[in-house]
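Observations on chain architecture
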Amino acid sequence: MYITQLEVDLSGEWSPLVVYAKQGDVGKRQVNVVLLDHGAPYPIPEGSTARIRITKPDGTHVFNDCTIEDGVVEAPLTAQTLAAAGEALADIALYQGENELLSCSVF
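As a starting point, this report considers the structure included with it. (Residues numbered from 1 in each chain as written. Predicted model: local features only at pLDDT ≥ 70, side-chain atom pairs only at ≥ 80, totals over all residues. Heavy atoms only, no water.)

1. Notes on the pattern of salt bridges
Let me state the cut-off plainly: Only one rule defines a salt bridge in this text: a Lys or Arg side-chain nitrogen within 4 Å of an Asp or Glu carboxyl oxygen. Note on exposure labels: buried denotes an accessible area under 20% of the residue type's maximum, exposed denotes more than 50%, and partly exposed covers the range between, all computed with a 1.4 Å probe on protein chains only.
Tallying each qualifying case throughout the model produces 3 salt bridges. The residue Asp25 makes a salt bridge to Arg29 at a minimum N-O spacing of 2.6 Å. In terms of burial, Asp25 and Arg29 fall into one category: buried. A salt bridge links Arg53 to Asp91; its shortest N-O distance comes to 2.7 Å.

2. Focus: the side chain of Asn32
The cut-off we apply is this: The helix and strand labels rest on DSSP assignments: H or I over at least four residues marks a helix, E over at least two residues marks a strand, and numbering proceeds from the N terminus. As used in this structure description, the phrase polar contact means that two N or O atoms lie within 3.5 Å; if the pair is within protein, one of them must be able to donate a hydrogen and the other to accept it, and residues adjacent in sequence are counted only when both atoms belong to side chains. Contact between two residues is taken to exist if any of their heavy atoms lie within 4.5 Å; hydrogens are not considered.
Relative to the elements of secondary structure, Asn32 occurs in strand 2 (residues 29-37). Given the relative accessible area of 7%, Asn32 is considered buried. Within the structure, the side chain of Asn32 is placed 2.7 Å from the side chain of Gln30, a separation counted as a polar contact. The residues touching Asn32, leaving out its near neighbours within four places in the chain, are Ile3, Thr4, Gln5, Leu6, Val72, Val73, Glu74 and Ala75.

3. Some words on the packing of aromatic side chains
Here is the rule: Put simply, two rings from Phe, Tyr or Trp (the six-membered ring, in Trp's case) pair if the centres are within 6.5 Å, and we call them stacked under 30 degrees between planes, edge-to-face over 60, tilted for the rest. Note on criteria: charge over ring means Lys NZ or Arg CZ within 6 Å of the ring centre, with the direction from the centre no more than 35 degrees off the ring normal.
Tallying each qualifying case throughout the model produces 0 aromatic pairs. We note Arg51 situated over the ring of Tyr95; from NZ or CZ to the ring centre the distance is 5.0 Å.

4. Focus: the nonpolar core
Threshold: Residues belong to one nonpolar core when they are buried, are Ala, Val, Leu, Ile, Met, Phe, Trp, Tyr or Cys, and are joined through side-chain atoms within 4.5 Å.
Counting residues in each nonpolar core, the largest one holds 22 residues, and the members touching the most others are Val33, Leu35, Ile52, Val73, Ile92, Cys104 and Phe107. Of all the secondary structure elements, the ones that give two or more residues to this core are strand 1 (2-9), strand 2, strand 4 (49-55), strand 5 (61-69), strand 6 (72-76) and strand 7 (89-96). Discounting chain neighbours no more than four positions away, the residues touching Cys104 are Val8, Asp9, Leu10, Leu35, Asp91 and Ile92.

Right under this line is the structure:
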């Protein structure tokens, strides 16, 4: 599996970070995101869940559950994630129960 490692700030400032992937790379690519709070590692609250939210080039949206391992959000790129060719915009959202807790800058 090819893993892209990113550090993304929760400040909301634009981060020109790029993840390269191709259609058909299903099950072969993953994005691992370390969340930062103004440059310092953000301690993800116990009991949080994470979801990657993606707006694909065709305007449709994907919301995929992620895992959190040792403070790193692990987001596999699924068939739906890679279905439309072009540039997509993504972010990671943290949740406590059904309520959104926090989301990071777009990458």
